[in-house]
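# Report on the structure
Okay, here's what each chain looks like letter by letter:
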Amino acid sequence: MRPVAIFRHTPTEGPGYFATFLEGHGIAWELIPVDAGAPVPASPEAYAGLCFMGGPMSVNDPLPWIDHTCALIRSAVAAGIPVLGHCLGGQLMAKALGGRVTPNPIKEIGWGTARIEEGEIPGHWFNGLGGEVTVFQWHGETFSLPPQAVRLLTNDFCANQMFALGPHLAMQCHVEMTPELIATWCSDWADEARAAARHPAGQTPEQMVAEIEWRLPAMRQLADRLYGAWIANLRP
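Position numbers for residues count from 1 along each chain, tracking the sequence in the order it is written. Since the coordinates come from a predicted model, pLDDT governs what is reported: local features require at least 70, and pairs of side-chain atoms require 80 or more to be given and counted, while whole-chain, interface and lining totals use all residues. The side-chain values count all of the structure's non-hydrogen atoms but skip hydrogen atoms and water molecules.

### Topic: the pattern of salt bridges
We count it as follows: Counted as salt bridges are all cases of a side-chain nitrogen of Lys or Arg within 4 Å of a carboxyl oxygen of Asp or Glu. Using a 1.4 Å probe on the protein chains alone, a residue whose accessible area is under 20% of its type maximum counts as buried, one over 50% counts as exposed, and one in between counts as partly exposed.
Scanning the entire structure with this criterion turns up seven salt bridges. Taking the shortest distance from any N to any O, the salt bridge between Arg-215 and Glu-211 comes out at 3.0 Å. You'll find Arg-215 and Glu-211 in the same group, each marked buried.

So this is what it looks like as structure tokens:
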């Protein structure tokens, strides 16, 4: 099987648990460090699937790689090559496929919950899970749903937490987190977190780290279901 391409947009937002999941299923992956100047491929055909990680920038920023990335996403969707996006990656998918990315009414930073939508398509992706699930957040913008996309997950602070479009999955939340990633973000962006903690969708760095032990196992169950459904459509 061809490898899964994982696009990194900043050094501290790597693949995390997603890479661990792929390795556990015997799936090769290739890191494309856009933050280090790696070019965005012109075609997705060398890959079994494409995964886009997060980043502190906006898809509306005038960065030269954003248009190339959106073109690559559209090419992959047209070719039936599965695309997966985490936070910024989900926003890139939304922008590429006809949605819009705008400021969210409130910043979501830290642990929280979201509600699974009812229906056959959410049922496929969540594979037996229902009701509320544990997620990790770090975002100030949000995406609208592209045409024909189906919303999978929502909460009171950000309506569009996740959408599916056929075999393609876009997330506003971060299910790829590891204790190491959480500790790094809490250190690097402590001031942003403390400011957001004044609002109901925010947590302090200390709260985030303290809740890892009991929050992370629940989110791993969620990630396993989502990633498991996504890899089922990888191109050989």
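### Describing the side chain of Gln-137
Rules: Every helix listed is a DSSP run of H or I at least four residues long, and every strand listed is a run of E at least two residues long, numbered separately from the N terminus. Counting of polar contacts relies on pairs of N or O atoms within 3.5 Å, with two restrictions inside protein: one atom must be capable of donating a hydrogen and the other of accepting it, and residues adjacent in sequence are counted only when both atoms are side-chain atoms. We call two residues in contact when some of their heavy atoms are within 4.5 Å.
Take Gln-137: it is sitting in strand β6 (residues 132-143). A polar atom in the side chain of Gln-137 sits 3.0 Å from the side chain of Gln-161. What Gln-137 contacts, discounting residues up to four positions off in sequence, is Glu-108, Ile-109, Gly-110, Asn-155, Gln-161, Gln-172, Cys-173 and His-174.

### What to know about the environment of Asn-160
Examined against the element boundaries, Asn-160 turns out to sit in the loop between β7 (150-154) and β8 (162-165). For the pair Asn-160 and Phe-143, spaced 17 residues apart in sequence, the C-alpha separation works out to 6.7 Å. Sequence-distant contacts of Asn-160, defined by excluding residues within four places in its chain, comprise Thr-142, Phe-143, Ser-144, Leu-145, Arg-151, Leu-153 and Gln-172. A distance of 3.4 Å separates a polar atom in the side chain of Asn-160 from a polar atom in the side chain of Arg-151.

### Topic: the packing of helix α1 (residues 17-24) against helix α8 (residues 212-231)
Operational definition: As a rule, the C-alpha atoms of each element are fitted with a line to give its axis, helices using only the stretch in contact, and angles between N-to-C directions run from 0 to 180 degrees. Any angle from 65 to 115 degrees is called roughly perpendicular, while one under 35 is roughly parallel, one over 145 is roughly antiparallel, and all others are oblique. Take the far helix as your reference; a near helix turned counterclockwise from it by less than a right angle gives a left-handed crossing, and one turned clockwise gives a right-handed crossing. Charged means Asp, Glu, Lys or Arg here, nonpolar means Ala, Val, Leu, Ile, Met, Phe, Trp, Tyr, Cys or Pro, and polar covers whatever is left, Gly included.
Interhelical geometry of α1 versus α8 gives an angle of 60 degrees and a closest axis separation of 11 Å. The angle between α1 and α8 places the two elements in the oblique class. In this structure, the crossing between α1 and α8 has a hand that is right-handed. Here Tyr-17, Phe-18, Phe-21 and Leu-22 of α1 lie close against α8, whose contacting residues are Arg-220, Ala-223, Asp-224, Tyr-227, Gly-228, Trp-230 and Ile-231. Here the contact of α1 with α8 is built from residues that sort into eight nonpolar, one polar and two charged.

### Description of the packing of aromatic side chains
Think of a pair of aromatic rings as described by two things: how far the centres are apart, and how the planes are tilted against each other in angle. Let me state the cut-off plainly: Here is the rule: rings of Phe, Tyr and Trp (six-membered ring for Trp) pair when centre to centre is within 6.5 Å. Planes less than 30 degrees apart are stacked, more than 60 are edge-to-face, and the remainder are tilted.
Per the stated rule, a full pass over the model turns up twelve aromatic pairs. Both rings, one in Trp-185 and one in Trp-189, keep their centres 5.7 Å apart while their planes meet at 50 degrees; by these two values the pair is tilted. Members of the aromatic cluster, joined through ring pairs, are Tyr-17, Phe-18, Phe-21, Tyr-227 and Trp-230.

### Looking at the pairing of strand β3 (residues 49-52)
What counts is decided by this rule: The pairing criterion for strands is at least two bridges between them, as found by DSSP. With the strands pointing away from the viewer, any crossover whose connection runs clockwise from the first strand over the helix to the second is right-handed.
Of the two faces of β3, both are covered, the one formed by Gly-49 and Cys-51 as well as the one formed by Leu-50 and Phe-52. Relative to β3, strand β1 (residues 4-8) runs parallel, the two sharing four bridges. Residue pairing in the sheet places Ile-6 in a bridge with Cys-51 of β3. Handedness of the crossover joining β3 and strand β4 (residues 83-86) through helix α2 (residues 64-79): right-handed.

### Re the environment of Gly-99
Position of Gly-99 relative to the elements: it lies in the loop between α3 (88-96) and β5 (101-116). Between the alpha carbons of Gly-99 and Asp-191 there is a distance of 31 Å; along the sequence they are 92 residues apart. Leave out the neighbours within four places in its chain, and Gly-99 touches Ala-94, Ser-144 and Pro-146.

### Observations concerning the sheet that holds β8
The strand order β2-β1-β3-β4-β9-β8-β7-β5-β6 describes an open sheet built from nine strands, whose pairing is mixed. Looking at strand neighbours, the two that pair on one side only are β2 (29-33) and β6, the edges of this open sheet. Geometrically, the sheet is characterised by an average inter-axis angle of 20 degrees between neighbouring strands, direction not taken into account. Pairing geometry for β7 and β8, over three bridges, is antiparallel. Paired with Val-150 across the strands is Ala-164, a residue of β8. Those strands touched by α1 are β1, β2, β3 and β4, and its axis lies near 170 degrees from that of β1. Each of β1, β3, β4, β5, β6, β8 and β9 (168-171) touches α8; the most contacted strand, β6, lies at about 80 degrees to it.

### As for the layout of surface pockets
As a reminder of what qualifies: A cavity here means a set of 1 Å grid points, computed over protein atoms only, where a 1.4 Å probe fits but cannot escape. A pocket is an open set with protein on both sides within 12 Å along at least 5 of 7 lines, and lining residues have an atom within 4 Å of a point. Grid points are joined across faces, edges and corners, and a volume is the space filled by probe spheres set on the points.
The computed volume of the largest pocket comes to approximately 260 Å³. If you trace the largest pocket, you find 17 residues lining it, with Gly-55, Pro-56, Trp-138, His-139 and Gly-140 closest to the centre. Those elements that place two or more of their residues in the lining of the largest pocket are α3 and β6. Element by element, the count of residues in the lining of the largest pocket is highest for β6, at four residues.

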